[in-house]
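What follows is the residue order along each chain.
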Amino acid sequence: MTDYTVRELMDKALDGLRPPSEDITEAVLAQASRRQNRRRAGALLATSAGLALVAGLVVALPHTANGAAGAAKKPGPVSATTHAAAPKPLRDPAALVQSLLPPGTGTVTKIKDLPPTSPPPGAPRTTVFPKSRLDGTYLVTKDGKVAALIVQTYDPKAVPAQWRMTASPANVCNEIPASWDCKESVLPDGVQLVQTTEPPGNWGEHAGTVGNVSVAYPDGRVVSVDALAETHGLRPTNFGPGWANPPLDRAELAAFAESPAWFS
Amino acid sequence: MGVARVHRDDPELREFLSHRRHALLRSAYLMCGDTHAAEDLVQTTLIKVVMARRGRRRIDHLDAYARRTLVNTFIASQRRFWHRERPHGELPDAPVTGADADLGLAVRAALQRLAPRQRAVLVLRFFEDQSVQATAELLGVAEGTVKSQTARGLEVLRAHLRDVVGDAVGEVVDEELTHMHGVNR
């Protein structure tokens, strides 16, 4: 009688499995692009559904966003924790982020963006789209420990055109492991809110717990914020020891991302 | 998660897609028990990897990220009501003792008797040689959960393979269990 280890038994189970004959690299890349385009189409459909409301609001509320009244009337969601809109837009992104955090959260600094990845030799040059001046990685330091907030926004009306972002597909939480505690909500005015809490090691190899919220407005605007408990791997620099948890809890993170200040 | 940005060529990603697909397919086949389902799972996994890579995520090791995506996609897909596990009564009877082909068939059938997460745990632990800690991190569960799922999974394998290869498997499984309780591989 032959003795088998579990590994050997599994190798036996693989008998007859042929290596893939064709290369599906191009197909996978194309399908990923199509899926991203479908997400965009979904967002556009949502925009059409709320067209009358959004059109009316766009006419009534140009993107001034420097007054509490204008901010209050924007087609934004209702936050679990609300922040008063700043009377004037803060020009310094770090100061703006600081103003949106609950008091005592920590000191905010913005670090430089990574340079765009160079294309391989011979490949066509890729377009580097401009981003909002508020996009980027912000360190949150308290008691010598450093956490991070990564902010990304997209405004389809921005000129010049920004790097495109799209809303999540409906029922996106069905595709996400239960351990991420994904929650999708549709807020008043059709705003889509998706929240997750990724367990350590998922966002990046050495990342701690990462909270994420994405807010997608019917008019195509998107805000995505990642709240990282630690900063390992964000840059070649070692910024210092991390926090035990992300700098904002779920409700705080949602309120942070839902602020109208991102499009001011 | 949840949003995506679009950019273009990424040589490391292309290299990964070309060369790591077969390794992923082997793990997927053990979990799915079916070639077509395994190929679908791998393709879905690779698409997710591409989309994550095109997004803002920092992925230090594509292989580890893909492995995590593979098992989590597999478990998530099994949760959907239209993709439920087949009832045990529909599984084939144990094949004839002896031939390797029959043994492979019996192992695949035995694996299908496991709950999806148990199957994923056994594949990660024994086929991909991941430690208890690494498996727990990949699946987003506690190490204790990995140990208990491993124990239950091995017991099911032992019970269903004893008829095929006799007590040899039972002894080996017992050794694995003893080893598992003593050491975090």
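All values reported here derive from a predicted model rather than from experimental measurement.

J.: I tried to follow a negative patch on the surface on my own but got confused; where do I start?
T.: A surface patch of negative charge is lined by A:Glu22, A:Asp23, B:Asp34, B:Glu39 and B:Asp40. Its location among the elements puts B:Asp40 in helix H3 (residues 35–54).

J.: It is not clear to me how the sheet that holds strand E5 (residues 191–198) of chain A should be interpreted in this structure. Could you clarify?
T.: Residues and elements named next belong to chain A. Across the sheet, seven strands lie side by side as E1-E2-E3-E7-E6-E5-E4; this open sheet has antiparallel pairing. The open sheet has two free edges, formed respectively by strand E1 (107–111) and strand E4 (183–187), since each of these has just one partner strand. Strand-to-strand twist across the sheet, computed as the mean angle between neighbouring axes with direction ignored, equals 20 degrees. Across five bridges, the pairing between E1 and strand E2 (residues 136–142) is antiparallel. Residue pairing across strands places isoleucine 111 opposite threonine 137, the latter belonging to E2. Running over the sheet, helix H5 (residues 93–100) touches E1, E2 and strand E3 (145–154) and is turned about 145 degrees from E1.

J.: Explain the pairing of strand E7 (residues 222–228) of chain A to me, please; I cannot follow it from the model alone.
T.: Moving residue by residue along a regular strand, the side chains alternate between the two faces of the sheet. Residue and element names in this part refer to chain A. Counting buried positions along E7 yields seven of seven residues, so the element is predominantly enclosed. Across the two faces of E7 the burial is the same, with Val222, Ser224, Asp226 and Leu228 and Val223, Val225 and Ala227 all buried. By the bridge criterion, seven bridges tie E3 to E7 in an arrangement that is antiparallel. Bridging from a neighbouring strand, glutamine 152 pairs with serine 224 of E7. Sheet analysis places strand E6 (residues 210–216) next to E7, joined by seven bridges and oriented antiparallel. Residue valine 215 lies in a different strand from E7, and its bridge partner there is valine 223. Linking two consecutive strands that pair antiparallel, namely E6 and E7, is a turn of five residues; a positive phi of about 100 degrees is found at glycine 220 within it.

J.: Could you clarify how one ought to interpret the confidence of the model for chain B in this entry?
T.: Residues and elements named next belong to chain B. Mean pLDDT over chain B: 74, with 68% of residues reaching 70 or higher. The weakest mean pLDDT in chain B belongs to helix H9 (residues 167–182) at 49; the strongest belongs to helix H2 (residues 21–32) at 93. Low pLDDT (under 50) marks residues 80–98, which in the prediction has 24 contacts with non-local residues, meaning those over four places away or in another chain. Taken together, the stretch residues 178–185 has pLDDT below 50 and engages in 14 contacts with residues farther than four places along the chain or on a different chain.

J.: Please explain the packing of helix H1 (residues 6–13) of chain A against helix H6 (residues 116–127) of chain B as it appears in this structure.
T.: Two numbers describe a pair of packed helices, the interaxial angle and the distance between the axes. Between H1(A) and H6(B), the least distance of the axes is 9 Å, while the angle of their chain directions is 110 degrees. Here H1(A) is positioned roughly perpendicular relative to H6(B), judged by the angle of their axes. Between H1(A) and H6(B) lies a crossing whose hand is left-handed. Across the interface between the two elements, A:Val6, A:Arg7, A:Met10 and A:Asp11 of H1(A) pack against B:Leu122, B:Val123, B:Phe126 and B:Phe127 of H6(B). Residues of the contact of H1(A) with H6(B), tallied by class, amount to six nonpolar, no polar and two charged.

J.: Hey, could you run me through the pairing of E3(A) in this one?
T.: Residues and elements named next belong to chain A. Counting buried positions over the ten residues of E3 gives nine, a clear majority of the element. For E2 and E3, the ladder comprises seven bridges, and the chain directions are antiparallel. Within E3, the position partnered with threonine 137 by the bridge is isoleucine 150. Turn length for the E2-E3 hairpin, with the two strands adjacent in sequence and antiparallel, is two residues, and the turn residue aspartate 143 shows positive phi of about 55 degrees.

J.: So what exactly am I meant to see when it comes to the nonpolar core here?
T.: Within soluble globular proteins, side chains that are nonpolar generally end up buried alongside one another. Counting residues in each nonpolar core, the largest one holds 60 residues, and the members touching the most others are A:Met10, B:Leu17, B:Leu30, B:Met31, B:Leu46 and B:Leu161. For this core, the leading source of residues is H3(B), giving nine residues. A domain-level breakdown of this core finds at least three residues from each of domain 1 (7–87) and domain 2 (96–185) of chain B. With residues up to four places along the chain from it excluded, the contact list for B:Leu17 reads A:Thr25, A:Val28, A:Leu29, B:Leu46 and B:Val50. By size, the runner-up hydrophobic cluster in this structure holds 30 residues, among which are A:Leu101, A:Leu149, A:Ala227 and A:Ala261.

J.: Just to check I follow, could you spell out the pattern of salt bridges for this structure?
T.: If charged atoms from side chains of opposite charge come close, those side chains can pair. All names here are of chain A. Taken as a whole and judged by the stated rule, the model has eight salt bridges over all chains. Here aspartate 181 ties to arginine 250 by a salt bridge, and the two come within 3.9 Å at their closest N and O atoms. Of this pair, aspartate 181 sits in the loop between E3 and E4 while arginine 250 is found in helix H6 (residues 250–258), placing the two residues 69 residues apart along the sequence. On the accessibility criterion, aspartate 181 (46% relative accessible area) is partly exposed.

J.: Mind showing me how you'd approach the packing of H6(B) against helix H7 (residues 132–139) of chain B here?
T.: All names here are of chain B. Across the interface, H6 lies against H7 with an axial gap of 10 Å and an inter-helix angle of 135 degrees. With respect to their mutual orientation, H6 and H7 come out oblique. Judged by the twist between their axes, the crossing of H6 over H7 is right-handed. Contacts from Arg117, Ala120, Val121, Leu124 and Arg125 of H6 reach H7 at Val132, Thr135, Leu138 and Leu139.

What counts, and where the lines are drawn
Residues numbered from 1 in each chain as written. Chains lettered and ligands numbered in written order. Predicted model: local features only at pLDDT ≥ 70, side-chain atom pairs only at ≥ 80, totals over all residues. Heavy atoms only, no water. Patch = residues over 30% accessible without salt bridge, like charges linked within 9 Å, V, L, I, M, F, W, Y side chains within 5 Å. Areas by Shrake-Rupley, 256 points an atom, 1.4 Å probe, with all protein chains shown as cover. Salt bridge = Lys/Arg side-chain N within 4 Å of Asp/Glu carboxyl O. Lys, Arg positive; Asp, Glu negative; His and termini not counted. Charge placed at Lys NZ, Arg CZ, Asp CG, Glu CD. Helix = DSSP H or I, 4+ residues; strand = E, 2+ residues; numbered from the N terminus. Pairing = 2+ DSSP bridges. Axes fitted to C-alpha atoms, helices over the stretch in contact; angles between N-to-C directions. Contact = heavy atoms within 4.5 Å. Buried < 20%, exposed > 50% of the residue type's maximum accessible area, 1.4 Å probe, protein only. pLDDT = per-residue confidence, 0-100. Parallel < 35°, antiparallel > 145°, perpendicular 65-115°, else oblique. Left-handed = near helix turned anticlockwise from the far one by under 90°. Nonpolar A, V, L, I, M, F, W, Y, C, P; charged D, E, K, R; others polar. Core = buried A, V, L, I, M, F, W, Y, C linked by side-chain atoms within 4.5 Å. Domains from an automatic or database assignment.

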